[in-house]
There are 2 protein chains.
Amino acid sequence: MITVVLLGAGNVATHLFKAFLASEEVEIKQWYNRNLKTIDKYKNKVNVTDNLSSLVEADIYILAVSDDAIEDLSKQLPFENRLVVHTSGSTSLYAVDMKQKRGVFYPLQTFSKAADLNFNDVPICVEALKKTDLPILKNLAKAIGSKSHKVNSDQRQALHLAAVFVNNFTNQLYRIAHEITEENGAEFNILKPLIKETANKIESLSPYMAQTGPALRNDKKTIKRHLKQLESDEHKAVYHLLTKSIKKTHGIR
Amino acid sequence: MITVVLLGAGNVATHLFKAFLASEEVEIKQWYNRNLKTIDKYKNKVNVTDNLSSLVEADIYILAVSDDAIEDLSKQLPFENRLVVHTSGSTSLYAVDMKQKRGVFYPLQTFSKAADLNFNDVPICVEALKKTDLPILKNLAKAIGSKSHKVNSDQRQALHLAAVFVNNFTNQLYRIAHEITEENGAEFNILKPLIKETANKIESLSPYMAQTGPALRNDKKTIKRHLKQLESDEHKAVYHLLTKSIKKTHGIR
Ligand SMILES: NC(=O)c1ccc[n+]([C@@H]2O[C@H](COP(=O)([O-])OP(=O)(O)OC[C@H]3O[C@@H](n4cnc5c(N)ncnc54)[C@H](OP(=O)(O)O)[C@@H]3O)[C@@H](O)[C@H]2O)c1
Ligand SMILES: NC(=O)c1ccc[n+]([C@@H]2O[C@H](COP(=O)([O-])OP(=O)(O)OC[C@H]3O[C@@H](n4cnc5c(N)ncnc54)[C@H](OP(=O)(O)O)[C@@H]3O)[C@@H](O)[C@H]2O)c1
């Protein structure tokens, strides 16, 4: 049994709470949030508190709070030499106060409180200053059905940055497609199977091998017509830049 | 029973051939390709030919050939007033010679000969110059398990352009993510569940509602660090432009 104290009550903390609660191998000793109201409704399931000085003992303390709050909150912890991890992709391991055993437990997924999520689909990147603290982090990931990956800080930050491309930026391309279809009275919905297939293709092909389309074929006529078709300068700029990027990747000029 | 003659033997034609063959409601009367070698191996399943003057009669002639070849090939057909459709997203309906009954049967998916594809996941955009030719195109789509959508030329061309964004450009973002992870010794594979979840989220949320991340939060510190982290000027440019695009969409400055 792994015992944890969870700190924070946002998107990540809420999903972790549910996953820990459902796991037979994890015991949530306590749930802290600076604002008790958010977690008060769980008080018959778990010991809740908004008082740092009343924190109980546990194997792992998880700071699932805003990036900017990690350093400060970790400084305020009223104990030392315990395993304290944050859940951020971009924040330094050293943001956790040096009087603790420091680590990171970064779930590489997109969380929102509303949407259900199965932790089988959440790879967890684990990092620990002391190597001997790694196994328990890996076991905690396993206990909620997640695959864990030992990474160093550079790797984690690269993954976080890459995640912005495949998640936020990809989603913005969906948005632009939505605008293009709406402007012409077409249904965005018709694109959904293609969106799924584009993501699925990556299971068996590298993005390099999966590429198709006018940029790869260097089909100047189609590219020209597409640019003419686009009404917004911003959409044109995105089309230009990503076409250039595809050509560069595939050595086309 | 719908009878068809299929012309062309590339990605689209090959998948259509298999789907037609598997359907009880479709009979492939003949398969034409200018190069007989490509289709010769199917000659015990279907009447194959490389001779336009020997084309037999059918309800629908499907020109699944390169965009540039549609007009010329349709001119050479040795009959008139039959239903002739092309499968292109961007080519004009009028590319089909005027002596025929003209239409479009555009499968909005990404096809490659190697990858299997279920036509349940292929929306088909149908268009016909004469309204009375539409039902048979819709029935043909239905016969292979596809949903059909009646579109006009503007809508079809908007969908084709939007498809470049959600397919080719999205795939290039995956490629950039691949480069970022490799440069830092991280595993691209770890991103795959996020790639899938990003595509799945669109089932229940609009791209507008699904957006998250530093650009939406206007998290200047993270944006600045990400730009510094990126090694390639081209990646920086993509980061810049899509961050700007997200901000514009959500009215952030
Ligand atoms: N969302 C994701 O998709 C995702 C994915 C992977 C990793 N992460 C990381 O996980 C962490 C939490 O993200 P999140 O999305 O769950 O954030 P969130 O939903 O915005 O929640 C932030 C939590 O931090 C608390 N907090 C903020 N400032 C605080 C302070 N000064 N002192 C104490 N508590 C404070 C908030 O308390 P109140 O409830 O009182 O406001 C809230 O409970 C971040 O490091 C983030 O980078 C997020
Ligand atoms: N690939 C996709 O993902 C996709 C998706 C939706 C729609 N489409 C559209 O479907 C059509 C076919 O695309 P595709 O990907 O199947 O193309 P493809 O794999 O490149 O195959 C093109 C076919 O056209 C034939 N062809 C080329 N020039 C010709 C000419 N002058 N006369 C007669 N035949 C000629 C080729 O014959 P040979 O075998 O002799 O070379 C080949 O069989 C295009 O209009 C395309 O826009 C494609």
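So, how was this worked out
- Residues numbered from 1 in each chain as written.
- Chains lettered and ligands numbered in written order.
- Predicted model: local features only at pLDDT ≥ 70, side-chain atom pairs only at ≥ 80, totals over all residues.
- Heavy atoms only, no water.
- Patch = residues over 30% accessible without salt bridge, like charges linked within 9 Å, V, L, I, M, F, W, Y side chains within 5 Å.
- Areas by Shrake-Rupley, 256 points an atom, 1.4 Å probe, with all protein chains shown as cover.
- Salt bridge = Lys/Arg side-chain N within 4 Å of Asp/Glu carboxyl O.
- Helix = DSSP H or I, 4+ residues; strand = E, 2+ residues; numbered from the N terminus.
- Buried < 20%, exposed > 50% of the residue type's maximum accessible area, 1.4 Å probe, protein only.
- Contact = heavy atoms within 4.5 Å.
- UniProt positions renumbered as here; feature names shortened; annotations may be inferred.
- 1 Å grid on protein atoms, 1.4 Å probe; cavity = no way out; pocket = protein on both sides within 12 Å on 5 of 7 lines; lining within 4 Å.
- Points joined across faces, edges and corners; volume = space filled by probe spheres on them.
- Nonpolar A, V, L, I, M, F, W, Y, C, P; charged D, E, K, R; others polar.
- Least-squares fit on C-alpha atoms with pLDDT ≥ 70 in both.

(A) Highlighting a nonpolar patch on the surface. Residue and element names in this part refer to chain B. On the surface, a cluster of nonpolar side chains totalling about 280 Å² of accessible area is made up of L205, Y208 and M209. Here L205 shows up in the loop between α5 (192-201) and α6 (207-210). The class for L205 is partly exposed, based on a relative accessible area of 30%.

(B) Inspection of the environment of I144 of chain B at higher detail. Residue and element names in this part refer to chain B. With respect to the element layout, I144 can be found in the loop between α3 (134-143) and β8 (148-150). Note on I144: relative accessible area 10%, which makes it buried. On a C-alpha basis, the gap between I144 and M98 in space is 28 Å, while along the polypeptide they are 46 residues apart. Once residues within four sequence positions are removed from consideration, I144 is found in contact with L16, A19, F20, S23, F119 and I124.

(C) Structural view of the UniProt feature "domain: Pyrroline-5-carboxylate reductase catalytic N-terminal" (unreviewed entry) in chain A. Under the feature "domain: Pyrroline-5-carboxylate reductase catalytic N-terminal" (unreviewed entry), the UniProt entry names residues 4-86 of chain A. For residues 4-86 of chain A, the end-to-end C-alpha separation is 13 Å, with 22% helix and 25% strand making up the annotated structure.

(D) Focus on empty space enclosed by the protein. The tally for this structure, following the rule as stated, stands at 3 cavities of 30 Å³ or more. If you add up the space inside the largest cavity, you get close to 40 Å³. In terms of lining residues, the largest cavity is bounded by T198, K201, A210, Q211 and T212 of chain A together with T110, N167, N168 and N171 of chain B. Listed by contribution, the elements that provide at least two residues to the lining of the largest cavity are α5 (192-201) of chain A together with α4 (153-183) of chain B. In terms of residue count, α4 of chain B provides more of the lining of the largest cavity than any other element does, 3 residues in total. Broken down by class, the residue content of the lining of the largest cavity amounts to 1 nonpolar, 7 polar and 1 charged.

(E) Seen up close, the relation of the copies chain B and chain A. Once chain B is rotated about the relating axis by 180 degrees and shifted along it by 0.0 Å, it coincides with chain A to within an RMSD of 0.0 Å. Considering both components of the superposition, the chain copies are consistent with a two-fold axis. Across chain B, the rotation axis passes nearest the C-alpha of T170 of chain B, at a separation of 2.8 Å. Counting the interface residues of chain B, we find that 100% of their copies in chain A are interface residues as well, pointing to one common contact surface.

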